[in-house]
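What follows is the residue order along each chain.
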Amino acid sequence: GGGGGGGGGGGGSSSKIFELVGLDTILRGAGLTRVSCFATCRWNDVSSPSSPILNYHFFSPLKKSLIPRSYIDTVISLNTEDDDDEDGSRSTSIGPVFSIHLRCSHVALFVYLTSSSFYGHFSDNGFHMLPGRDTIITFTSWNQGKEGEG
């Protein structure tokens, strides 16, 4: 007969809760608080391993967070080769293509890039940055420069 819940049918597989530990206990053990940190979850799709899905969970409202101000170092370089785009397709740019290398001093949330000299699109925008992890964004322009500018 059937019954009993829990853990898997056959094969000796089962799971059991040994101890429940609250979030505040875990954070305190690491010297953190709900306002000084957040969690990152990265989901990898086996059919598209180069495009992970990143989710973030903040344990308190952002306006109460103690995340220090971040400074972002930026290096922009002109791509001189007619390379394929990140997704393997050929570039549809009729103007220059730039690589933008970004590095932050602390967590940088909701980083948003704009261009005042070229019309075009960024390979990513409105993203979070973590210190120690460089972010490289491609800007593909649709023109040679905005009229009257550079």
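Rules behind the numbers
Residues numbered from 1 in each chain as written. Predicted model: local features only at pLDDT ≥ 70, side-chain atom pairs only at ≥ 80, totals over all residues. Heavy atoms only, no water. Salt bridge = Lys/Arg side-chain N within 4 Å of Asp/Glu carboxyl O. Helix = DSSP H or I, 4+ residues; strand = E, 2+ residues; numbered from the N terminus. Buried < 20%, exposed > 50% of the residue type's maximum accessible area, 1.4 Å probe, protein only. Contact = heavy atoms within 4.5 Å. Core = buried A, V, L, I, M, F, W, Y, C linked by side-chain atoms within 4.5 Å. Pairing = 2+ DSSP bridges. Axes fitted to C-alpha atoms, helices over the stretch in contact; angles between N-to-C directions. Patch = residues over 30% accessible without salt bridge, like charges linked within 9 Å, V, L, I, M, F, W, Y side chains within 5 Å. Areas by Shrake-Rupley, 256 points an atom, 1.4 Å probe, with all protein chains shown as cover.

A.B. asks: What's the story with the pattern of salt bridges in this structure? I'm lost.
C.D. replies: Close approach of charged atoms lets side chains of opposite charge pair. Counted according to the given criterion, the structure contains two salt bridges. Across the salt bridge formed by Asp24 and Arg34, the nearest N and O atoms sit 2.8 Å from each other. One end of the pair, Asp24, is in helix H1 (residues 23-29); the other, Arg34, is in the loop between H1 and strand E1 (38-45), and 10 residues separate them in sequence. In this structure Asp24 comes out as partly exposed when scored by relative accessible area, which is 39%. Between Asp134 and Arg103 there is a salt bridge, with the nearest N and O atoms lying 2.7 Å from each other. Of this pair, Asp134 sits in the loop between strand E7 (127-129) and strand E8 (135-141) while Arg103 sits in strand E4 (residues 97-104), placing them 31 residues apart in sequence. You can call Asp134 partly exposed: its relative accessible area is 46%.

A.B. asks: So what exactly am I meant to see when it comes to the environment of Lys64 here?
C.D. replies: Mapped onto the elements, Lys64 comes out in the loop between strand E2 (48-58) and strand E3 (72-79). Residue Lys64 is classed as exposed on the basis of its relative accessible area of 53%. Sequence separation between Lys64 and Ser36 is 28 residues; the distance between their C-alpha atoms is 9.2 Å.

A.B. asks: Just checking my understanding: could you explain the environment of Val111 for this structure?
C.D. replies: Tracing the chain through its elements places Val111 in strand E5 (residues 108-111). Along the backbone, Val111 and Ile72 are 39 residues apart, and their C-alpha atoms lie at a distance of 9.6 Å. Once residues lying within four places of it in the same chain are set aside, the contact partners of Val111 are Ile72, Asn125, Gly126, Phe127 and Met129.

A.B. asks: Got a minute to help me understand the nonpolar core in this structure?
C.D. replies: For soluble globular proteins, the rule of thumb is that nonpolar side chains tend to be buried together. Residues Leu102, Leu113, Phe127, Met129 and Ile137 are the most contacted members of the largest nonpolar core, which totals 13 residues. It is E4 that contributes the most residues to this core, four residues altogether. If sequence neighbours within four positions are ignored, Ile137 has contacts with Phe98, Ser99, Ile100, Leu102, Leu113, Phe122, Ser123, Asp124 and Phe127.

A.B. asks: When you look at the sheet that holds E3 in this model, what are you seeing that I'm missing?
C.D. replies: The pairing of strands in a sheet comes from backbone hydrogen bonds and takes either a parallel or an antiparallel form. Reading across the sheet, the four strands line up as E3-E4-E8-E6 and stay open at both edges, with antiparallel pairing between neighbours. Both edges of this open sheet fall to E3 and strand E6 (120-122), since each of them pairs with a single strand only. Sheet twist, expressed as the mean angle between neighbouring strand axes with direction ignored, is 20 degrees.

A.B. asks: Please explain a nonpolar patch on the surface as it appears in this structure.
C.D. replies: Among the surface-exposed residues, Ile94, Tyr119 and Trp142 lie close enough to one another that they form a single nonpolar patch of about 380 Å² accessible area. One can find Trp142 in the segment after E8. The class for Trp142 is partly exposed, based on a relative accessible area of 44%.

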